[in-house]
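Descriptive structure summary
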Number of protein chains: 4
Amino acid sequence: MSLGVGVIGAGVMGAYHARLLRDSTGGAHLAAVCDADPSRAVQAAGEARTFSDPLALIADPGIRAVVIASPDATHAPLALACLRVGKPVLLEKPIAPTAAEGWQVVEAEVALGRRLVQMGYMRRFDGAYLEMKAAADKGLIGAPVLLHNIHRNPGAPDWFTGPMPITNSFVHEIDASRWLLGAEMVSASIHAAPGGEPLMITMETSRSEIVSSEVFINAAYGYHVHAELVGRRGTVAMAAPALALVNSDGRQGFGFPDNWVPRFAQAYRDQMQAWVRSVATGVPIGPSAWDGFCATSVAEQIARGMAQGRTQLVLPARPSLYD
Amino acid sequence: MSLGVGVIGAGVMGAYHARLLRDSTGGAHLAAVCDADPSRAVQAAGEARTFSDPLALIADPGIRAVVIASPDATHAPLALACLRVGKPVLLEKPIAPTAAEGWQVVEAEVALGRRLVQMGYMRRFDGAYLEMKAAADKGLIGAPVLLHNIHRNPGAPDWFTGPMPITNSFVHEIDASRWLLGAEMVSASIHAAPGGEPLMITMETSRSEIVSSEVFINAAYGYHVHAELVGRRGTVAMAAPALALVNSDGRQGFGFPDNWVPRFAQAYRDQMQAWVRSVATGVPIGPSAWDGFCATSVAEQIARGMAQGRTQLVLPARPSLYD
Amino acid sequence: MSLGVGVIGAGVMGAYHARLLRDSTGGAHLAAVCDADPSRAVQAAGEARTFSDPLALIADPGIRAVVIASPDATHAPLALACLRVGKPVLLEKPIAPTAAEGWQVVEAEVALGRRLVQMGYMRRFDGAYLEMKAAADKGLIGAPVLLHNIHRNPGAPDWFTGPMPITNSFVHEIDASRWLLGAEMVSASIHAAPGGEPLMITMETSRSEIVSSEVFINAAYGYHVHAELVGRRGTVAMAAPALALVNSDGRQGFGFPDNWVPRFAQAYRDQMQAWVRSVATGVPIGPSAWDGFCATSVAEQIARGMAQGRTQLVLPARPSLYD
Amino acid sequence: MSLGVGVIGAGVMGAYHARLLRDSTGGAHLAAVCDADPSRAVQAAGEARTFSDPLALIADPGIRAVVIASPDATHAPLALACLRVGKPVLLEKPIAPTAAEGWQVVEAEVALGRRLVQMGYMRRFDGAYLEMKAAADKGLIGAPVLLHNIHRNPGAPDWFTGPMPITNSFVHEIDASRWLLGAEMVSASIHAAPGGEPLMITMETSRSEIVSSEVFINAAYGYHVHAELVGRRGTVAMAAPALALVNSDGRQGFGFPDNWVPRFAQAYRDQMQAWVRSVATGVPIGPSAWDGFCATSVAEQIARGMAQGRTQLVLPARPSLYD
């Protein structure tokens, strides 16, 4: 039976998730959209119902699963509300603005005794990342020892300030690095270029692998995510994100996507489909609340330690629910 | 309401379409699979019903739309059966083994007065082809004047003989070329390398644009489809089909897909989703029965004219249903 | 002892050859430059002598070898003058405006009984062409069966008319194809896009291999030469001519060279060095007068046969001097 | 008049330089080769003279300029010997095994009052590096803020131990970074992967630009040098070092060069030609003794500081001779 999904938040990401549920997700349908702005909710909902109160949506018996894409500060409280009524959640990153709040979600899930939260770290569903991981898993590059990440945005809105390049952007690299290497980060050091950007962040894993990441929010030229995983016998890197090459005006090349939505369009679609299937089968897939907590906690510790040299990263023991 | 789709044929393509309907198509579900081999039908059907008689599936009131992926010789008769009961069809290519049989489908649809057949020329839904077309439509390359196609298979089964490289493989290039250029082919000439392969086929359109195609069924190294559209001010070509690049054993590179299924996996998925949406909205999308007829008729005429020099291609007037 | 070389013609190519001899050719030096325009001669000559009469330069005892880069109509007469005095020649392509005149050079060399002429088909010294040939020679692609050539210029001067796209541009592909395949061309057919361009020229070799070539003089976007050699087990193609990739203004890409001089700068340099060494050792290297004649004869026959369908190409028997 | 050059050292690099002088350098010729092993000297010398005593070669009146490619420990003493007799030197890197010895060369040159030493940091003559620098100089990427370097070797001989990955390999990146950014390095920190390799070295320049470098001596898969220069408005990166792409055995790709000699063959040739021209004109070009000292001093300080966190780098004031 088709899964009725309610989407909370009708901003860029919420509207996008709603559209995926309306148009191109098997086994599910968009049952409702909730937004404080009714016109935005209606626009994203199409023929589905609308809510202005997220708790009402969560409580509604016609809603069997929830996508949370509202502002960051609401992520944890709304996830907790879903856990209270036992409804599966696809939760946009970050899990919360602070690790402490994120930890509440982990604790609640642990108390519940089963995993209902999938974090929206969509890169784990991206073809290029998956192919990198597959290459490593097949042994094509030998034991991984080093991961290079590059995360460039063409710019950021005014409110994107303070530690947000780390807590809102670099969290993606933290999650992807933990996933690709299957290891926890234990230390980090940062260099910042003049004016504070770009950042070069060097992390070490529990197995002493190195993760070297550039984070450049105002890279101007376009949205560009790149990674190369270095092993003892070879490396695997993302290919350029080009479907077609144009020769014109003396040059050959391709255009970058404007932002993460077109770049990861297929990953978002596959993430949604995988989540719906996971809800149907009851088998968790994708990043967990624990993964969400780790990403936010590591980011928070790195942001706090920026002024000093090397920051030792500390995480609580992983609850057995996440083994 | 979710569209119940029946799939006829549970071979490679039928099973693939069935899986798309089971797993990852919004607004539809797999209602039944039909195959002469019951165990194959069951395997593809999962929890859906199975049939051994395709006409029974077509007649079943629980089946609202049909995917035909059975052997080529059955394509036209089964499509005609669907038209008789007014059910929409996604019809695998070719429309029929002969243009004459394909024409019957066109005639039946014209008699019915509405379009119910979408041909499975999935390349029209491939990201690289779509980006090439978009580049041309946006004027990035000026007026198109020449199209290069390359179609290489690593090999073919024993039964793939005679004119089949033209009537079963090259039909894809005929369709893609008609679609990219928006023009009809009016002449063709062929060169064959020693041993009969590869073929170089040069076609001219009604506007004197040139379509130059290599067809190489036993290219050995892998499945590789490439195209470049040349305009007066620039060109647009497919990028290499690589998600990730591996450095190992002294080389950098990427692996080709084994065959058309992984290469066009996303195109098949998007084709299915677009067809389901088209059935829901009643607005035809994608290649029509007329397109299917043209591809097969052009291929047939080229195959018959192989021995001579240039073959003039003749098509009937396009019925107004397809304007 | 350093070889004193005289360069006849101080136009673009002559000046370029003179500069190579002045600056970066071992075992040789620029001894003189000849041009009807004295200021042009002086500019190209630097500290070397200048001539206005090419026959005087050829006769001068201080000149031990000659580069002919004067207008096409003078190529054959000047090459014949060099043969008369037994001086080695690096002769810019084409060997002559007509095959008949080119044949005189072959006849004179045959009468002389030794090879003194090296044709300036510089692509044989280009790294990409050499690597393609090496890949084929090493057996990486199996037996070659098909060669794709693309030759695009951003435009042409006013005087570049009539058959010149074939006799002055496409001659490069004729020579490169003969060299890569080690076979003679025996037939050709042409398709021209609306307005006469681009041309698609399909040739067959004596072993029935196919050579498929696009010639596009007014391709507008840049100077672009490409080739792919297709064998029974694989293919080898030129990589994009990029040293560096720039990300800017939403795009990634590289710039094409303005014309053949920067594109083949290294090939011209290696050609000159190889020729100087060949003069020193007395062992001919690179394309011969016979190769020059064949390229021009094939081009001439193709240009004459443009109106008809397939043109049978006829060449005289190859003199044993060129075995 | 042709410059008679003597080459000291007939190992891999010495023999290579000797061959360049014999075969493909304009304005110069190989006058002599010196090696402790007479047969090695003879083999590299061809028809040139041979020496077993480098000081005899340096003193010989037939030798007007010297290439020093003998073991590292001899670099500084032999360079000093050349300075004593006022002969120009192309000195293989590093300037000396220690910064203190390298400083003696700088001091001697300063005392002499004119620059006679060109360091063999050949990357400054590599096409890809030059194109990166040109892109930055043309303003295509805005103000540079970050440089990524990757230096991978397939392995190293037994004697390549201790700090040599830094003092013998990474010196190339130090020199290239100083040259590309036009700035001095002021601090560095290192991370080493398990087993000591690869290294990630993060340097900061006097303008707070960041230089992030991977050094991986036992990368196994091949010799691979890569760099990307990141500016405020764009980036420029080396293209893959491929002349041709082979499709075979299910893959597309290209082969890496075995080591730095084929990778930088053209750079070595252009370096030699530029040096010969510089000797002729008396205008210094390329990296100076000061550059050689800086590279070795920075490497030495980094190697010494490996155990600690961030190392502050200190250099003496640059003598005005090198302004």
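Residues numbered from 1 in each chain as written. Chains lettered and ligands numbered in written order. Predicted model: local features only at pLDDT ≥ 70, side-chain atom pairs only at ≥ 80, totals over all residues. Heavy atoms only, no water.

Chain A carries the name Gfo/Idh/MocA family oxidoreductase in an unreviewed UniProt entry, which gives Rubellimicrobium rubrum as its organism.

1. Here we look at empty space enclosed by the protein
Convention followed: The rule is simple: put a 1 Å grid over the protein atoms alone, call a set of points where a 1.4 Å probe fits but cannot get out a cavity, call an open set with protein on both sides within 12 Å along at least five of seven lines a pocket, and count a residue as lining if it has an atom within 4 Å of a point. Grid points are joined across faces, edges and corners, and a volume is the space filled by probe spheres set on the points. Each residue gets one label: Ala, Val, Leu, Ile, Met, Phe, Trp, Tyr, Cys and Pro are nonpolar, Asp, Glu, Lys and Arg are charged, and the others, such as Gly, are polar.
Across all of its chains, the model carries two cavities of 30 Å³ or more by this definition. Quantified by volume, the second largest cavity comes out at close to 30 Å³. Along the lines of polarity and charge, the residues of the lining of the second largest cavity split into three nonpolar, one polar and three charged.

2. A few points about the pattern of salt bridges
Where charged atoms of side chains with opposite charge meet at close range, the side chains can pair. Residue and element names in this part refer to chain A. For clarity, the threshold we go by: When a carboxyl oxygen of Asp or Glu is within 4 Å of a side-chain nitrogen of Lys or Arg, the pair counts as a salt bridge. Comment: elements are numbered from the N terminus, with helices defined as DSSP H or I runs of at least four residues and strands as E runs of at least two. Only protein chains enter the calculation, and the probe is 1.4 Å; a residue is then buried if its accessible area is under 20% of its type maximum, exposed if over 50%, and partly exposed in between.
Tallying each qualifying case throughout the model produces 68 salt bridges over all chains. Notably, a salt bridge pairs Asp 137 with Lys 133, separated by 3.5 Å at the nearest N-O pair. Separated by four residues within a single helix, Asp 137 and Lys 133 lie in helix H6 (residues 127-137), roughly one turn from each other. Given the relative accessible area of 18%, Lys 133 is considered buried. Shared partners join several salt bridges into a network, and the residues in it are Arg 124, Asp 175, Arg 178, Glu 184 and Asp 291.

3. Notes on the interface of chain D and chain A
Convention followed: Every residue pair with non-hydrogen atoms within 4.5 Å of one another is taken to be in contact. Buried area adds together the accessible area that both of two parts lose upon being put together, with accessible area traced by a 1.4 Å probe. Polar contact is defined as a pair of N or O atoms within 3.5 Å, subject to the rule that within protein one atom must be able to donate a hydrogen and the other to accept it, and that residues adjacent in sequence are counted only when both atoms are side-chain atoms.
Every contact between the two is made by 35 residues of chain D and, on the other side, 36 residues of chain A. Summing the contributions of chain D and of chain A, the shared interface buries around 2,600 Å²; its carbon and sulfur component is 60%. Together, D:His191, D:Pro194 and D:Arg232 form the three largest contributors to the area buried by chain D at its contact with chain A, with a combined 23%. Our count for the contact surface shared by chain D and chain A stands at two salt bridges. Across the salt bridge formed by A:Glu228 and D:Arg152, the nearest N and O atoms sit 3.1 Å from each other. Between the two partners, chain D and chain A, sit ten residue pairs in polar contact (both at pLDDT 80 or more). In terms of residue count, the dominant contributor to the side of chain D that touches chain A is strand S7 (residues 144-152) of chain D (five residues). Taken together, the residues of the side of chain D that touches chain A sort by class into 15 nonpolar, ten polar and ten charged.

4. Quick notes on a positive patch on the surface
Cut-off, in case you're wondering: Patches here: salt-bridge-free residues with over 30% relative accessible area, like charges joined within 9 Å, nonpolar side chains (Val, Leu, Ile, Met, Phe, Trp, Tyr) joined within 5 Å. Computed by Shrake-Rupley with a 1.4 Å probe, the accessible areas treat only the displayed protein chains as cover when residues are assessed. When charges are counted, Lys and Arg contribute as positive and Asp and Glu as negative, whereas His and the chain ends are disregarded. By convention, the charge on Lys lies at NZ, on Arg at CZ, on Asp at CG and on Glu at CD.
Together, A:Lys138, B:Arg251, C:Lys138 and D:Arg251 give the surface a local cluster of positive charge. Take A:Lys138: it is sitting in the loop between H6 and strand S7 (144-152).

5. A look at the interface of chain A and chain C
Contacts between the two partners involve 15 residues from chain A, matched on the other side by 15 residues from chain C. Interface area, chain A with chain C, both sides summed: about 1,200 Å², of which 47% is carbon and sulfur. At the boundary of chain A and chain C, one finds ten residue pairs in polar contact (both at pLDDT 80 or more). Among the secondary structure elements, those contributing two or more residues to the side of chain A that touches chain C are strand S13 (244-248) and strand S14 (251-255) of chain A. Element by element, the count of residues in the side of chain A that touches chain C is highest for S14(A), at five residues. Each residue belonging to the side of chain A that touches chain C can be placed in one class, and the counts come to five nonpolar, seven polar and three charged.

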